[in-house]
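Each chain is listed here by its residues.
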Amino acid sequence: MPDDLYRLVYYSRNTITGDATALAAAITSILAKSQVNNQRVGVTGALMFNSGCFAQVLEGSRSAVEDVFERIQQDDRHGDVSLLAFDPAPARAFENWSMGFVGASIDDAARYGALVQDSGFDPARMTGESLFETLRKLAIEEEYAAA
Amino acid sequence: MTIVGSLKDVVRARQPRISALPEMAAAVLILDEDRKVEYVNASAEKLFMPVDPIGCTLSALFASCGATGGDEVFVAVDTSAEPAPMRLRLSDDRLLDCTLRSLSSGGFVVSMDDVTTYVRNAELAERDALTGLANRKALRDRLVERLASAARTGDATAVLYVDLDRFKAVNDTLGHPLGDALLRKVAERFKSALRDGDVVARIGGDEFAVIQSNAPQPAAATALATRLVDLISRAYAIDGHMLHIGASVGVAIAPDDGYEPDVLLKNADLALYRAKAEGRGCHRFFEPGMDERMQARRSMEIDLRRALALKQLELVYQPQFDLASSDIIGFEALIRWHHPTRGLVPPEEFIPFAEEIGVISAIGEWVLRTACKQAAAWPKPVAIAVNLSALQFRGGKLAETVISALAQSQLPVQRLELEITEGALLNNTDDVLNVLNRLRELGVAVSMDDFGTGYSSLGYLQKFSFNKIKIDQCFIRDIDTHADRQAILRAVTSLAVALRMKTIAEGVETEAELACIRAAGCDEVQGYLTGRPMPGGAVMALLEPACSAENF
Ligand SMILES: Cc1cc2nc3c(=O)[nH]c(=O)nc-3n(C[C@H](O)[C@H](O)[C@H](O)COP(=O)(O)O)c2cc1C
């Protein structure tokens, strides 16, 4: 059924060049655009940037997730997109986030996360399930801190 | 109606020339010397409704329905005796071809043809209905134009041919509607990668082409080809499925690789062919000489298609021994192609090719039937191992073919052993497993061939309980001097024991290797040392009770 709830998990390699300021600006604009677009079609999720990689979870109706993901796939600000999971989901995990940025602040992520470094975060070694769990936990921490 | 009323005299005055005007399908306007409308026929009246055209200038009239160019129409008549029609686009997207002539009696006549349907149809004739991209004909037309203008300016024009890898598998297994949805997404990705002025066309089921002009070559074509391979190979999420396809690209650039459209297209195709032959998922530029190699392949293809009918294929049999008893326990059937001028063509040269051109099923079936028939006549009931290509699992006929070969040859089912590689399990794993389980229920043995050379062997061992694991010769060669190979072999044999599978070592060539595989606990052996492949007649002799083989 096209309207069933689906969850999609992927990670990709950043191809945005420039210094931390430029990177932070790019991520900020991606996030702003995502929040507007996703809100419109009922997609929620979280984005993270670390070790030169983006990791993202998208959830929503199957067709909406497919459309958003297709646009993301065509974006040349990242590459080597690895789609880890795309499955029906029992419920939303990011109910309140049209697109949340989790992990560090955008500025810190841009400053310290641009290089592939020994942060212990290596999405290439993760399954869709474990990457989803990572983002979900970070989102919960964030909500907790905000509350 | 005011118009009709005010026009009666005009119409009457211009009899008989305009007597047919009111009924004409084309919209007709007559303008006076001041270039104001003084007559409209019924079609024209309808066209400009609700505006009353009488007394209007053309510009005002056109503006009322969202078109511009009222004055330009006069430019044509002022400068040329045979003015070409001018195309107007109205705000409701209708298209009108508008011709204006001066009348000898003074004033002008304007006729307007609604060409909307005609133009749309012509556009449709240029489009691929599924993706909305240009079609093959339109591609060629555009190329002719681009090459003509490039010839004047001296600019380079690149043609990129793009083939989708693995698209057919998606289409076959998940169905046409999904395949169509995938093609539409692919078309969108093409569009997102192109610059204004580039032309992209769908020219076949899963074939696309791009014309790239006004760009520095070959750098621009390299960049575009790289981008397309990357972009198209990114995963697709469609109808709840995750789909992965790839792309191969061939590039030819005018004028270096030809300045005739058809030559350029052919050369791009040849380059694509090379990209596919070199592993796909890459791009290749046309090079002189590709044509000859292509010819060579064509002739090979013709020969291979005939090989079966001309009885140029032959089976030879390589013995397999039980290491504990030294008894012959079976033979593996191996194919040979004897060609009158090519000589003996090795299977590793023609089998992949047979898979590519789709004759593998026919050859595979011949191998199966021939091996069963010959083995049925052997004096001892030893096993006969037959290789299956991954492609034979497609089409859903494999189990029936095996049953029929057994019935026809009267070979007892437990003597037949089918060898498959991990490759067979890579795609459509569930379908393949269903067939394997069905064969297993019949009593046919199934072994895993070339073990250790593929991808995720251990996963497959769990999915299907093979009767036997054939350990690839790359682990056996010089095993006596390679501790790592000994370790691997020991690991595989103990794994097999735990899974209750037998092991056979392939490609054993020396006594030292034999000693090692014996020490590692292998059950069986096959190789040049213990017995080379031999013709059917020699098998008969070898199996005669008198000469029970004590080869080692
Ligand atoms: C890592 C990454 C994540 C993105 N996530 C989203 C997203 O969740 N939603 C979205 O609409 N666009 C997302 N985008 C942006 C899209 O690729 C694309 O630029 C945008 O959707 C275009 O929107 P527009 O057509 O409204 O201009 C993302 C881009 C990147 C590089």
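Residues numbered from 1 in each chain as written. Chains lettered and ligands numbered in written order. Predicted model: local features only at pLDDT ≥ 70, side-chain atom pairs only at ≥ 80, totals over all residues. Heavy atoms only, no water.

A. Inspection of the site of the ligand at higher detail. All names here are of chain A. Taken together, 16 residues form the shell around the ligand, and within it Ser34, Asn38, Gln56, Arg71 and Asp75 come nearest. The side chain of Asn38 places a nitrogen or oxygen atom 2.8 Å from a nitrogen atom of the ligand. Considered on its own, the ligand offers 620 Å² of accessible surface; in the complex 82% of this is hidden by protein. Where the shell around the ligand is concerned, the elements lending two or more residues are helix 1 (20-41), strand 3 (53-61) and helix 2 (62-73). The element best represented in the shell around the ligand is helix 1, accounting for five residues. Each residue belonging to the shell around the ligand can be placed in one class, and the counts come to seven nonpolar, five polar and four charged. (Near = heavy atom within 4 Å. Polar contact = N/O pair within 3.5 Å; in protein donor to acceptor, adjacent residues only side chain to side chain. Areas by Shrake-Rupley, 256 points an atom, 1.4 Å probe, with all protein chains shown as cover. Helix = DSSP H or I, 4+ residues; strand = E, 2+ residues; numbered from the N terminus. Nonpolar A, V, L, I, M, F, W, Y, C, P; charged D, E, K, R; others polar.)

B. Quick peek at the environment of Arg477(B). Residues and elements named next belong to chain B. Assignment of secondary structure puts Arg477 in the loop between helix 18 (473-476) and helix 19 (483-499). Classification of Arg477 as partly exposed rests on a relative accessible area of 38%. For the pair Arg477 and Glu506, spaced 29 residues apart in sequence, the C-alpha to C-alpha distance is 9.2 Å. For Arg477, the residues in contact, after removing those within four places along its chain, are Arg485 and Glu513. (Buried < 20%, exposed > 50% of the residue type's maximum accessible area, 1.4 Å probe, protein only. Contact = heavy atoms within 4.5 Å.)

C. The sheet that holds strand 11 (residues 246-254) of chain B, seen in detail. Residue and element names in this part refer to chain B. Strand order in the open sheet made by the five strands is 7-8-6-11-12, with mixed pairing throughout. Each edge of the open sheet carries a strand with a single partner, namely strand 7 (199-204) and strand 12 (283-285). Strand-to-strand, the axes of this sheet are offset by a mean angle of 20 degrees, without reference to chain direction. Sheet strands touched by helix 8 (residues 176-193): strand 6 (157-165), strand 7 and strand 8 (207-213). Its angle to strand 8, the strand with the most contacts, is close to 10 degrees. Contacting strand 6, strand 8, strand 11 and strand 12, helix 9 (residues 219-233) crosses the sheet at an angle of about 165 degrees to strand 11. (Pairing = 2+ DSSP bridges. Axes fitted to C-alpha atoms, helices over the stretch in contact; angles between N-to-C directions.)

D. View of helix 19 of chain B. Residues and elements named next belong to chain B. Along its 17 residues, helix 19 runs 24 Å from first to last C-alpha, staying within 8% of the 24 Å computed at 1.5 Å per residue. All of the buried residues along helix 19 are Leu489, Val492, Thr493 and Ala496. Across the axial projection of helix 19, the buried residues extend over an arc of 95 degrees, all falling on one side. Every exposed residue of helix 19 that faces more than 90 degrees away from the buried side is listed here: Ala483 and Ala498. Of the surrounding secondary structure, the elements contacted by the buried residues of helix 19 are strand 18 (445-451), strand 19 (468-471), helix 18, strand 20 (502-506) and helix 20 (511-519). Of the residues flanking the end of helix 19, it is Arg500, one or two places downstream, whose phi is positive at about 55 degrees. (Expected span 1.5 Å × (residues − 1). Arc of directions from axis to C-beta.)

E. Representation of the interface of chain A and chain B within the structure. Taken together, the contacts link 18 residues of chain A with 15 residues of chain B. Summing the contributions of chain A and of chain B, the shared interface buries around 1,300 Å²; its carbon and sulfur component is 50%. Summed over the three residues of chain A that lose the most area to chain B, namely Glu70(A), Gln73(A) and Gln74(A), the buried surface amounts to 39% of that side. Summed over the shared surface of chain A and chain B, the number is two salt bridges. At the junction of chain A and chain B, the tally comes to nine residue pairs in polar contact (both at pLDDT 80 or more). Listed by contribution, the elements that provide at least two residues to the side of chain A that touches chain B are strand 1 (5-14), helix 2 and strand 4 (78-88) of chain A. (Buried area = accessible area lost by both parts, 1.4 Å probe. Salt bridge = Lys/Arg side-chain N within 4 Å of Asp/Glu carboxyl O.)

F. Local environment of the confidence of the model for chain B. Residues and elements named next belong to chain B. Here chain B shows a mean pLDDT of 88. Residues at 70 or above account for 92%. This model gives residues 1-8 a pLDDT under 50, and the stretch forms 10 contacts once residues within four places in sequence are excluded. For this predicted complex, the interface confidence comes out at an ipTM of 0.85, alongside a pTM of 0.63. (pLDDT = per-residue confidence, 0-100.)

G. Geometry of the packing of aromatic side chains. All names here are of chain B. Inspection of the entire model under this criterion finds nine aromatic pairs over all chains. The interplanar angle of 75 degrees and the centroid separation of 5.0 Å between the aromatic rings of Phe464 and Phe466 together place this pair among those described as edge-to-face. Residue Phe464 is classed as buried on the basis of its relative accessible area of 2%. Each member of the aromatic cluster is reached from another via a ring pair, and the members are Tyr317, Phe331 and Trp378. Taking NZ or CZ as reference, Arg189 lies 3.7 Å from the ring centre of Tyr236, over its face. (Phe/Tyr/Trp six-rings, centres within 6.5 Å; stacked < 30°, edge-to-face > 60°. Lys NZ or Arg CZ within 6 Å of the ring centre and 35° of its normal.)

H. Here's a closer look at the sheet that holds strand 4 of chain A. Residues and elements named next belong to chain A. The strand order across the open sheet built from five strands is 4-1-3-2-5, with neighbouring strands paired in mixed fashion. Edge positions in the sheet fall to strand 4 and strand 5 (100-102), since each of these pairs with one other strand and no more. The mean angle between the axes of side-by-side strands here comes to 20 degrees, regardless of whether they run parallel or antiparallel. Across seven bridges, the pairing between strand 2 (residues 44-50) and strand 3 is antiparallel. In the sheet register, Phe49 faces strand 3, and the bridge partner there is Phe54. Packed on one face of the sheet, helix 1 meets strand 1, strand 2, strand 3 and strand 5 and runs near 170 degrees to strand 2.

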